[in-house]
Amino acid sequence: MTDASPEGAVGDGTARWERAAALFADWRAGDARAMDDLVRLMTPVLWHVVRAYGLERTLAEDVVQSTWLALVRSQESVADPKAISGWLTVTARREAWRVAKQHRAATATSDEVLEPLLPHQASTESQVADADEAARLWAALETLTERCQRLLRVVAFDDRPDYASIAADLEMPIGSIGPTRQRCLAKLRTALVDAGGAR
């Protein structure tokens, strides 16, 4: 499934990730040719990622091939097509690391070399921290009155909240929405501090 000579130019990252997402979505929708196009598009990137671990050519080809087979077997684990580039590069790196360790041939490559080849994504640590912070925030929100919860949810998720609709929905004067919002935010901050979640 992989190209036997995958040393082509890597090209512009942003356009590549967008195209990869579209091709992956098409393939899952039943377009078999989209997978061939996805392989042609992403194999040069995977090749560079794998070779960065110091693997000889035949081992690198095996790792890239294994990455594509892993995708076919685990396609359902990629919930969002936009994540396909990251999924492929992470899978290739893990497999390359495993094979390199097996053959004791790994050579470290600086992040400066690899970073332009990889899609931008938050680190696992950052994602865990964000999820923990969100959980603390929602838990603190649930300690507030129903009116405060409803008001803060509407204001938080609407870039341009309709104050007239909010006033009618919450049965409160339009002029009191701003001050009530401030009081609710103050209570939310207090709840976060009490729960040890303030930063």
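Our subject is the structure that appears above.
Parameters at a glance
Residues numbered from 1 in each chain as written. Predicted model: local features only at pLDDT ≥ 70, side-chain atom pairs only at ≥ 80, totals over all residues. Heavy atoms only, no water. Helix = DSSP H or I, 4+ residues; strand = E, 2+ residues; numbered from the N terminus. Buried < 20%, exposed > 50% of the residue type's maximum accessible area, 1.4 Å probe, protein only. Contact = heavy atoms within 4.5 Å. Areas by Shrake-Rupley, 256 points an atom, 1.4 Å probe, with all protein chains shown as cover. Disulfide = S-S within 2.5 Å. Salt bridge = Lys/Arg side-chain N within 4 Å of Asp/Glu carboxyl O. Axes fitted to C-alpha atoms, helices over the stretch in contact; angles between N-to-C directions. Left-handed = near helix turned anticlockwise from the far one by under 90°. Arc of directions from axis to C-beta. Core = buried A, V, L, I, M, F, W, Y, C linked by side-chain atoms within 4.5 Å. Parallel < 35°, antiparallel > 145°, perpendicular 65-115°, else oblique.

Trainee: Which residues make up the overall build of the protein chain, and what values do they have?
Mentor: Along the protein chain, the regular secondary structure elements total 9 helices and 0 strands. Reading the secondary structure of the protein chain in the N-to-C direction produces α-α-α-α-α-α-α-α-α. Relative to its 199 residues, the protein chain shows a buried fraction of 35%. By sequence separation, contacts in the protein chain at least 24 residues apart represent 67% of the contacts at least 6 residues apart. Surface accessibility of the protein chain: about 12,200 Å² in total, with carbon and sulfur atoms responsible for 52%.

Trainee: Please set out the state of the cysteines residue by residue, giving values where relevant.
Mentor: Taken as a whole and assessed by the stated rule, the structure comprises 1 disulfide. Here Cys-148 engages in a disulfide with Cys-184; their sulfurs sit 2.0 Å apart. Disulfide Cys-148 to Cys-184: torsion about the S-S bond roughly -75°, handedness left-handed. Taken together, the residues Cys-148 in helix H7 (residues 146-157) and Cys-184 in helix H9 (residues 177-194) connect sequence positions 36 residues apart.

Trainee: Outline the pattern of salt bridges, listing residues and values.
Mentor: Counting across every chain of the model gives 3 salt bridges. For Asp-37, the salt bridge is made with Arg-40, and the minimal N-O distance between the two is 2.4 Å. Of the two residues, Asp-37 and Arg-40 both sit in helix H2 (residues 32-51), 3 residues apart, roughly one turn of that helix. For Asp-37, a relative accessible area of 28% corresponds to the partly exposed category. The partner of Arg-98 in a salt bridge is Glu-95, with the nearest N and O atoms 2.6 Å apart. Residue Arg-98 and its partner Glu-95 are located together in helix H4 (residues 84-103), separated by 3 residues, close to a single helical turn.

Trainee: Before we move on, can you summarise the packing of H2 against H4 with the specific residues and values?
Mentor: Contact geometry for H2 and H4: axes closest at 9 Å, N-to-C directions at 35°. Crossing hand, H2 versus H4: right-handed. Touching Met-42, Val-45, Leu-46, Val-49 and Val-50 of H2 are Ser-85, Leu-88, Thr-89, Ala-92, Arg-93 and Ala-96, all from H4.

Trainee: So what about helix H8 (residues 163-170)? Which residues, and what values?
Mentor: Of the residues making up H8, those classed as buried are Ile-166, Ala-167 and Leu-170. Considered in projection along H8, the buried side chains sweep an arc of 100° and stay on one side of the axis. With its phi angle positive at about 55°, Glu-171 sits one or two positions after the end of H8.

Trainee: Explain the environment of Arg-136 to me, and be specific about the residues and the numbers.
Mentor: As for its placement among the helices and strands, Arg-136 is situated in helix H6 (residues 124-141). With a relative accessible area of 33%, Arg-136 lands in the partly exposed category. Arg-136 sits 60 residues away from Gly-196 along the chain, and the two C-alpha atoms are 8.8 Å apart.

Trainee: Just give me the short version of the nonpolar core, but keep the residues and values in it.
Mentor: One finds Leu-38, Met-42, Val-50, Leu-55, Trp-68, Leu-71 and Leu-88 to be the most contacted residues of the largest nonpolar core, which totals 33 residues. In this structure, Leu-38 is in contact with Ala-20, Leu-23, Phe-24, Trp-68 and Leu-71, ignoring residues within four places of it in sequence. Ala-140, Leu-141, Leu-144 and Leu-188 belong to the second largest nonpolar core, which has 9 residues in total.

Trainee: Tell me about the side chain of Thr-180, residues and numbers included.
Mentor: Here Thr-180 is to be found in helix H9. When neighbours within four sequence positions are excluded, Thr-180 is seen to be in contact with Leu-151 and Met-172.

Trainee: Tell me about the packing of helix H3 (residues 57-74) against H4, residues and numbers included.
Mentor: Here H3 crosses H4 at 135°, and the two axes come no closer than 9 Å. When the axes of H3 and H4 are compared, the pair comes out oblique. The two elements H3 and H4 meet at a crossing, and its hand is right-handed. For the pair H3 and H4, contact is made by Leu-59, Val-63, Ser-66, Thr-67, Trp-68, Ala-70, Leu-71 and Ser-74 and by Ile-84, Trp-87, Leu-88, Thr-91, Ala-92, Glu-95, Ala-96, Val-99 and His-103, respectively.

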